[in-house]
Amino acid sequence: MIDTPDVIVVGGGHAGIEAALAARRADCRVVLISAKASRIGEMSCNPAIGGIAKGTIVREIDALDGSMARSADATSLHFRMLNRRKGPAVWGPRVQSDAAEYARAQQLYIENNGIEIIEDVVTGLSGDTERVSGVKCRGCGIVKGKTVVLAAGTFLRGRLFRGDEHWKGGRIGDISADALERDLAERMFHVERFKTGTPARIVRSTVNTSELEVQRSEDTDFTFSFGKGMPDREGEVCYITYTDVNTMNIAKDYLHLSPLMAGRIEGTGPRYCPSYEDKVVKFPDRQRHRIYVEPMGYKSRDFYLNGLSTSLPREAQIKMVRSLRGFKSAEISDYGYAVEYSYFHFSEIDDTLRLRKTDNVFAAGQICGTSGYEEAAGLGLVAGANAARTAKKSEPLKLSRMNSYIGVMIDDIVSKGADEPYRMFSSRAENRLHLRQDNADRRLYLLGNRFGILSEDKKELLSANLKEAELICSILESETADGMRLSKWCRRPGVTVEAVGARAESLAERDQKVLLSVLLDEKYRGYIERNLRRHESRRNLDRIDLREISSYMEIDEICWEAREVLERERPETLARAERIPGIRPTDLHGLLIYLGRQRST
Amino acid sequence: MNTMSPEIICAVATPEGTSALSVIRISGSGSFELLENIMSLEKNRLRGMRRKVGRIFEEGRTVDEVVAVSWPRGSSFTGEEMVEIICHGIPRSIRTIMEILIKNGARKAEPGEFARRAFGNGKLSAVQIIALAALWDTEREQTTFNGETEISCMELLSGIERARETVEGIIEFGEAHLDGDDNVIGRIFDELTGRAGVFKREAASIEKRGRVMLMGPMNSGKSTLFNLLSGKGRALVSGEPGTTRDGSSCIIEISGRKMQLCDTAGTDGLGLDRTASEAVIDGLDGTERVIWMSVGAKTPPPGKVRKRAGEIIEIAAKSDLTVKRETADFLNVSAISGEGLEELKTILSRIPGSMSLSGAADRIAGSIEESFNFISSGEYGLAAELLSEAEIEARRILGRGENIQLSVERALSGMCVGK
């Protein structure tokens, strides 16, 4: 190699791809190392992108010029706007993609953007932990780099389980990254174990789809990516079937062979995406669970059984599948399994996704303790951008809880951690009414631009949207209806885009999607502003330094238990103290009164 | 941090009611000019740190003779251009001055806004401001309420939490996880509305318990004591129901405890007075405290009062004029010499009850109702937002689990305007 690459990305999944592309857009020389280059961009589990909150993350990734939205649009077979009837604040766009085409589309982004791919197994970091010099590879030895992004997904000492079968692997058909995990452990990184799983894939031709409920795609011009229209292509339908008492009884019969129940898996699984056997144990009264039957691709051989993730033995799996309506003679092409893997404890990661023990190693994706493609991609984009900023010695990119779901996610995982794989929910965002899918471009354009991660095309497109919104705002300010400004009139309940349009002719020529988005901002303005004010006062707590306190034991204003806990934990700021379990608001108040008195004397 | 609007704000900084002097605060860029205008002063007379005696005019007529004290930007409490008008403490002229200020471009300050601006401009540290807020909260928490009300508030909170979980669940997972039970939301909200109603009633009755009636025969010094307690009681607090002094009742604050003090006509009166006095006695419902006062404690409270009052504090009035009776049943009080006043205040400050609970209960019930309306109109995001408002309020009442970042803002908004 001629000169040292700026950024080495370890892993070519959803996180690794966005990390590599973001660093490349920031004008870095980027090397992506993957154990199997042909599987870069693979959808290891379900063939879908988006959902509630997740769909908004995809829009945010697009606003920061990531590739996930465009690849999802280009390979879309089926679209639904989830929560369509629950108000635009919680709409969640979701597409079914052709899994193989999606991976290929992502690979093309990597190839066409001048990212070097090395097919090799990374066995560890090289050099001092405080400042690594690159990574060690099994085949080509040390690859030097100014910064490293670890995006190893479920591969860190990955173990796969199905009934009493168990073997090493990061995913079915892939080896696990044991040496890398050992290297990290030797460098004293604190890692823990999580597990997750995937359902069986079914041979489509063996399913009697005429017995299933059909779920058609919505007819819409929605695209994840801001600006361009959806490619005109033939879609697919999805189906719905249900489990019944037979399915449940089969699972019960084999429960003793479940690797989780038998204690072979120690890691915690995702509560919100549980395996079927978890559901049977936790909700024994409920026999009927909805199962979505989704094609893996356009006219593909296989169906994906969304909702029937399992690691029971093969024998149980085939019996369970065949108990579903329409699946009487179904054949399984790939059996479901569980995977257990290592991830970094939250105390290891800072709010730029840098590993605290190092100056130049970042983490993204499932190794941060999250679950989901969209979450991984969002983290990847930030980690890649910050690796680039570090390589170029410039100030890091930080998103906030107030401007994005990605900001909420990062704040959550680095400050609180999670006792199960972290999945994004809209209710995690206190400023949810502002963090909508329709305004992600306007929320993040200025930030993306300032941190140099937008391509010229994207800049042009997004700044045009911004200008359009400004134009619409000025029309809403100048036009009136029923004696009030249109900007205020549109906040009345039940007012639609059409009704507003009818009040001002000049709005007819404007982009109707942007118009709707601006109207929603107006409608929710009062709540959004209140949330911003709250957030601001909370940030003030961050500025209150507690390090000057020499002993908590003498502070009469707080209770004994709190004194002991604070004496032990010694938080740096009041905001940190607030997060310590066992510290109550009254203790914080007491602390403040104490500090106030100290300062005045 | 400076997200504050640059508007000029104004507020009365002294307690409501008649007093010798009162102070009105004005803050924000342009305050000097505003004052120069309404006092018909030459331009720039208030520039810098000045003190100016003058008159405030309205349509050529003098409203009041005042002293205006000005502070330039950077050296005032808020850090902004600021003026304090010291005027006479006559409610009507204070109101008129406020109206004139507002007519000339100022706006009435929101509760805590002066302190917020001071903070925003770096004049108050976060520690100072939150410590101030915390002190306010501590005082408010002294208004303990009884077990029953606490339980009904806890039930309300758990109802709100359940409703919120259900709404959030529907947002994240769709109706599928409700097992086809379509009306679950309707039932949850029905029950919640019921709980909010119970709590509202409890809160209202607690407030009654915070009511103190001054009763006794004519000429026993009720009105003198009333004036003493209401005048020297720390403050009449604005912004709460029934705080305006209507001559016979007022909100007093003793050791941080707010209570409503009611003066009544003498029980031995004739004609209208008699009717009024009987109406008061009939109106007692077993919760109110009665201060029964008679000269030298010579007239015991009649049986009807004993039966209907929640608690009776008997006072031997005019202790400076009468032969003292030293028994545990009486408190010797003289409004003239001040004897017994401190003891009386100590007794009053132990009365449970809060004058602010009802407002909070109303807000919770309102948020719940609005939340349900949003569900009906298909705005689940807004519905959840309002439930979280209700939850924060209920947690605040119970003094538990509320995030401090929320309580700072709340404590500020609970502050007396102009403080």
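Please read these numbers as outputs of a predicted model, since none were measured by experiment.

Chemist: Can you walk me through the overall build of chain B in this structure?
Modeler: Across its full length, chain B holds 13 helices and twelve strands. Burial statistics for chain B: of 419 residues in total, 42% are counted as buried.

Chemist: Please explain the sheet that holds strand 6 (residues 116-119) of chain A as it appears in this structure.
Modeler: Each strand in a sheet pairs with its neighbour through backbone hydrogen bonds, running either in the same direction (parallel) or in the opposite one (antiparallel). Residues and elements named next belong to chain A. The five strands lie next to each other as 6-2-1-10-20, forming an open sheet whose pairing is parallel. The sheet is open, and its two edges are formed by strand 6 and strand 20 (361-363), each paired on a single side. Within this sheet the neighbouring strands show an average axis-to-axis angle of 20 degrees, counted without direction. Across three bridges, strand 10 (residues 147-150) lies against strand 20 in parallel orientation. Within the sheet, the bridge partner assigned to V149 lies in strand 20 and is F362. Across the face of the sheet, helix 1 (residues 14-25) comes into contact with strand 1 (7-10), strand 2 (30-34) and strand 10 while running at roughly 165 degrees to strand 2. Contacting strand 1, strand 10 and strand 20, helix 9 (residues 373-391) runs over the sheet at an angle of about 170 degrees to strand 10.

Chemist: Can you help me understand the packing of helix 2 (residues 54-63) of chain A against helix 11 (residues 440-450) of chain A in this one?
Modeler: Two quantities define a packed helix pair, namely the angle between the helix axes and the distance between the axes. All names here are of chain A. Following both chains from N to C, one finds helix 2 and helix 11 inclined at 40 degrees, their axes separated by 8 Å at the closest point. By crossing handedness, the relation of helix 2 to helix 11 is classed as right-handed. Across the interface between the two elements, T56, R59, E60 and A63 from helix 2 touch A440, D441, R443, L444, Y445 and G448 from helix 11. Counted by class, the contact of helix 2 with helix 11 contains four nonpolar, two polar and four charged residues.

Chemist: Can you walk me through the domain arrangement of chain A in this structure?
Modeler: When the parts of a complex come together, some accessible area is lost, and that lost area is often used as the size of the interface. The domain architecture assigned to chain A consists of domain 1 (7-428), domain 2 (455-541) and domain 3 (543-600). When each unit is reduced to the centre of its C-alpha atoms, the spacing between domain 2 of chain A and domain 3 of chain A is 43 Å.

Chemist: Would you mind going over helix 12 (residues 456-478) of chain A with me for this structure?
Modeler: Compared with the 33 Å implied by 1.5 Å per residue over 23 residues, the 33 Å span of helix 12 of chain A between its first and last C-alpha is a close match. Of all the positions in helix 12 of chain A, only K458(A), L462(A), N465(A), A469(A), I472(A), I475(A) and L476(A) are classed as buried.

Chemist: Help me understand the environment of S426(A), please; the structure alone is not making it clear to me.
Modeler: Along the chain, S426(A) turns up in the loop between helix 10 (405-415) and helix 11. Each C-alpha atom, one on S426(A) and one on V408(A), is 9.9 Å from the other, the two residues being 18 residues apart in sequence. If near-sequence neighbours (up to four positions away) are discounted, S426(A) is found in contact with I52(A), A53(A), V90(A), R432(A), I171(B) and E172(B).

Chemist: Is there a simple way to think about the confidence of the model for chain B in this case?
Modeler: Keep in mind that low pLDDT regions are not for reading the predicted coordinates in detail. Residues and elements named next belong to chain B. In the predicted model, chain B carries a mean pLDDT of 75, and the fraction of residues at 70 or more is 71%. The least confident element of chain B, judged by mean pLDDT, is helix 13 (residues 404-413) at 34; the most confident is strand 5 (residues 82-89) at 91. Considering only residues more than four positions removed or in separate chains, one finds that residues 232-247, a stretch of pLDDT under 50, has 31 contacts. In this model residues 401-419 is a low-confidence stretch, pLDDT under 50, and it forms 55 contacts with partners more than four residues away in sequence or in other chains. In the model output, the complex is listed with pTM 0.73 alongside ipTM 0.85.

Chemist: Explain the nonpolar core here, please?
Modeler: Within soluble globular proteins, side chains that are nonpolar generally end up buried alongside one another. Counting 188 residues, the largest nonpolar core has V10(A), A19(A), V149(A), A363(A) and A364(A) as the members making the most contacts within it. Not counting residues up to four positions away in its chain, the partners in contact with V149(A) are V7(A), V9(A), V10(A), A19(A), F362(A), A364(A), A383(A), G384(A) and A387(A). Counting residues in hydrophobic clusters, the runner-up holds 29 residues, among them I8(B), V12(B), V66(B) and I85(B).

Chemist: Is there a simple way to think about the sheet that holds strand 1 (residues 8-12) of chain B in this case?
Modeler: Residues and elements named next belong to chain B. Strand order across the open sheet formed by six strands is 3-4-5-2-1-6, with mixed pairing between neighbours. Only two strands of the sheet have a single neighbouring strand rather than two, namely strand 3 (50-58) and strand 6 (106-108). Averaged over all pairs of adjacent strands, the angle between their axes in this sheet comes to 30 degrees, without regard to strand direction. Pairing of strand 1 with strand 6 involves three bridges; the strand directions are parallel. Across the sheet, residue I9 finds its bridge partner in strand 6, namely R107.

Chemist: Explain helix 4 (residues 99-112) of chain A here, please?
Modeler: Residues that lie three or four places apart on an α-helix share one face, since the helix turns once every 3.6 residues. Residues and elements named next belong to chain A. Over its 14 residues, helix 4 extends 20 Å from the first C-alpha to the last, a length consistent with the 20 Å expected when each residue adds 1.5 Å. Regarding helix 4, the residues found buried are A99, Y102, A103, A105, Q106, Q107, Y109 and I110. Summarising the contacts, the buried residues of helix 4 are in contact with helix 1, strand 2, helix 3 (68-74), strand 5 (92-97) and strand 6. A positive backbone phi angle near 70 degrees is found at G114, which sits one or two residues after helix 4.

What counts and what doesn't
Residues numbered from 1 in each chain as written. Chains lettered and ligands numbered in written order. Predicted model: local features only at pLDDT ≥ 70, side-chain atom pairs only at ≥ 80, totals over all residues. Helix = DSSP H or I, 4+ residues; strand = E, 2+ residues; numbered from the N terminus. Buried ≥ 20, exposed ≤ 12 C-beta atoms within 10 Å, placed from the backbone. Pairing = 2+ DSSP bridges. Axes fitted to C-alpha atoms, helices over the stretch in contact; angles between N-to-C directions. Contact = placed C-beta atoms within 7 Å. Left-handed = near helix turned anticlockwise from the far one by under 90°. Nonpolar A, V, L, I, M, F, W, Y, C, P; charged D, E, K, R; others polar. Domains from an automatic or database assignment. Expected span 1.5 Å × (residues − 1). pLDDT = per-residue confidence, 0-100. Core = buried A, V, L, I, M, F, W, Y, C linked by C-beta atoms within 7 Å.

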